[in-house]
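Single-letter residue listing:
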Amino acid sequence: MLLSVFLVTLCTFAVRAEDSESSVETSEESNEKNEHAKKYIEIFMDCSIKYDVPPNYFTLIVTGNAPEYENAKCFVKCGLDGMNYLNEDGSLNEDVVRSVVQRYFKEPNARELVVSTWMNCEKKSQSDQYADDSCERAYNMFMCYSDSMSESYIPASPGGSE
């Protein structure tokens, strides 16, 4: 049950799937995505233990129902690091983002929207305000992305390490 709830949260921040997406997923593609999702669950479970937040905290953040936790921002950074979404300097790893988007989105316009949203949110997170706090920067980058994807009704998939 936890796996299915997490998969829904991880792969669809939005209210509805993109209507123009009509390709049929093969069993091999589906199995690969499930394996990646299991890996992401492990990453976030490890991060929840490390930062002492509930195991479902990622889901709570995405749905806007997360209570304040002192370590919440570092929990998000831990997850993004674990998925290789962040470079050593805290910037977005564009190659990983593009690879993940390629895996999860068939429609070129959706791909470009997701990548450009991540890139725009990464730029916003580079402000001097967050320069000394990598957890704050990662959290704000992720929240910007999550909020933007919710507004655009495009399914979002943050999973990422190759």
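In every chain, residue numbers begin from 1 and rise along the written sequence. Reporting in this predicted model follows two pLDDT cut-offs: at least 70 for local features of residues, and 80 or more for side-chain atom pairs to be given and counted; totals over whole chains, interfaces and linings ignore these cut-offs and use all residues. Each side-chain value is worked out from all heavy atoms of the structure, with water and hydrogens disregarded.

Draft legend 1. Highlighting helix 4 (residues 72-82). Looking only at helix 4, the buried set comprises Ala 72, Phe 75, Val 76, Lys 77, Cys 78, Gly 79 and Leu 80. A run of H or I in DSSP becomes a helix once it reaches four residues, and a run of E becomes a strand once it reaches two; helices and strands are each numbered from the N terminus. Looking one or two places after helix 4, you find Asn 84, whose phi comes out positive at around 65°. For the exposure calls, accessible area comes from a 1.4 Å probe over protein chains only, and a residue counts as buried if that area is under 20% of its type's maximum, exposed if over 50%, partly exposed in between.

Draft legend 2. The nonpolar core, seen in detail. One finds Phe 75, Leu 80, Tyr 85, Trp 118 and Phe 142 to be the most contacted residues of the largest nonpolar core, which totals 40 residues. Every element with two or more residues in this core is listed here: helix 2 (27-50), helix 3 (57-63), helix 4, helix 5 (94-104), helix 6 (108-124) and helix 7 (134-152). For this core, the element with the highest residue contribution is helix 7, accounting for eight residues. Those residues in contact with Trp 118 that sit more than four places away from it in its chain are Leu 80, Tyr 85, Leu 92, Val 97, Met 141, Phe 142 and Tyr 145. To form a nonpolar core, buried Ala, Val, Leu, Ile, Met, Phe, Trp, Tyr and Cys residues must be joined to one another through side-chain atoms within 4.5 Å. We call two residues in contact when some of their heavy atoms are within 4.5 Å.

Draft legend 3. Focus on the pattern of salt bridges. Salt bridge criterion: a side-chain nitrogen from Lys or Arg within 4 Å of a carboxyl oxygen from Asp or Glu. Within this structure, the stated rule accounts for five salt bridges. Its salt-bridge partner being Glu 94, residue Arg 98 comes within 2.9 Å of it at the nearest N-O pair. Of this pair, Arg 98 and Glu 94 are both found in helix 5, four residues apart, which corresponds to roughly one turn of the helix. For Arg 98, a relative accessible area of 37% gives the class partly exposed. By relative accessible area, Glu 94 is classed as partly exposed at 30%.

Draft legend 4. Region of the structure containing the state of the cysteines. A pair of sulfur atoms, both from cysteines and within 2.5 Å, is called a disulfide here. If you walk through the whole model with that rule in mind, you get three disulfides. The partner cysteine of Cys 74 in its disulfide is Cys 135, sulfur to sulfur 2.0 Å. Residues Cys 74 and Cys 135 are joined by a disulfide whose S-S torsion is about 100°; by sign, that bridge is right-handed. On the criterion of sequence distance, the pair formed by Cys 74 in helix 4 and Cys 135 in helix 7 is long-range, its members being 61 residues apart. Looking at Cys 74, the relative accessible area reads 22%, which means it is partly exposed. For Cys 121, the disulfide goes to Cys 144, at an S-S distance of 2.1 Å. Residues Cys 121 and Cys 144 are joined by a disulfide whose S-S torsion is about -70°; by sign, that bridge is left-handed. Of the two residues, Cys 121 sits in helix 6 while Cys 144 sits in helix 7, which places them 23 residues apart along the sequence. According to the relative accessible area criterion, Cys 144 is buried, its value standing at 16%.

Draft legend 5. Quick look at the packing of aromatic side chains. Note on ring pairs: Phe, Tyr and Trp rings are taken, using the six-membered ring of Trp, and paired if centres are within 6.5 Å. Classes follow the plane angle, with under 30 degrees stacked, over 60 edge-to-face and the rest tilted. Throughout the structure, instances matching the rule amount to seven aromatic pairs. Here Phe 44 and Phe 58 contribute two aromatic rings whose centre-to-centre distance is 4.5 Å and whose plane-to-plane angle is 40°, an arrangement assigned as tilted. Placement of the pair is Phe 44 in helix 2 and Phe 58 in helix 3, with a sequence separation of 14 residues. We note that Phe 44, like Phe 58, is buried. Here a set of aromatic residues connected by ring pairs shows up, and it is made of Phe 44, Tyr 57, Phe 58, Tyr 69, Phe 75 and Phe 142.

Draft legend 6. Fine view of unusual backbone geometry. In the Ramachandran plot, Asp 52 falls in the positive-phi region, its phi being about 55° despite a non-glycine side chain. Within the element layout of this structure, Asp 52 appears in the loop between helix 2 and helix 3. Owing to a relative accessible area of 61%, Asp 52 belongs among the exposed residues under this scheme.

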